[in-house]
Amino acid sequence: MNVYNIKINFEEKNHEAVVLPIAEGESVLDVCLENGIELQHNCGGVCGCSTCHIYVNKGMDNVQEISDKEEDFIDRAVNPHITSRLGCQCVMIGGDIEVTLPDQSAFMGH
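Everything numeric in this text was worked out from a predicted model, so none of it was measured.

S.K.: Please provide a residue-by-residue account of helix H2 (residues 68-75), values included.
M.R.: For H2, the complete set of buried residues consists of Glu-70, Phe-73 and Ile-74. Buried residues in H2, looked at end-on, bunch into an arc of 105 degrees, giving them a common side. Residues of H2 that are exposed and point more than 90 degrees away from the buried face comprise Asp-68 and Asp-75. Buried-residue contacts for H2 involve strand S4 (84-86).

Have a look at this one:
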């Protein structure tokens, strides 16, 4: 199994960027949860909501292609960009990736 690097940037000001290992077949959401990084996932990570919305800065070709279902949920996300993906659907297929997590504080208390 191949292991790559994921650089995670944060919109929240009090968080420093981190670089972590990510294995082929693993999602961005998986890596966040395994490393204690707050990334909402109200549906449990099954592409049933938009709360794990992230931005892919580099390495979009290194994750599985976006599905129509995922695109529909991204349209409902807060402040979607052309580089938006859902963390649960960003599954590594090869190479390094860099992402930015939107400010999660808006979700706190849910």
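S.K.: Outline the pattern of salt bridges, supporting the account with residue identities and numerical values.
M.R.: A full pass over the atoms with the stated rule returns two salt bridges. When the shortest N-O distance is used, the salt bridge between Glu-98 and Lys-58 registers 3.5 Å. Note that Glu-98 is positioned in strand S5 (residues 97-101) and Lys-58 in strand S3 (residues 53-58), a separation of 40 residues in sequence. The exposure class of Lys-58 is exposed, given its relative accessible area of 54%. The residue Glu-70 makes a salt bridge to Arg-85 at a minimum N-O spacing of 2.8 Å. Taken as a pair, Glu-70 in helix H2 and Arg-85 in strand S4 lie far apart in primary sequence, 15 residues in all. As far as burial versus exposure is concerned, Glu-70 and Arg-85 are alike and both buried.

Rules used in this analysis
Residues numbered from 1 in each chain as written. Predicted model: local features only at pLDDT ≥ 70, side-chain atom pairs only at ≥ 80, totals over all residues. Heavy atoms only, no water. Buried < 20%, exposed > 50% of the residue type's maximum accessible area, 1.4 Å probe, protein only. Helix = DSSP H or I, 4+ residues; strand = E, 2+ residues; numbered from the N terminus. Arc of directions from axis to C-beta. Contact = heavy atoms within 4.5 Å. Salt bridge = Lys/Arg side-chain N within 4 Å of Asp/Glu carboxyl O.

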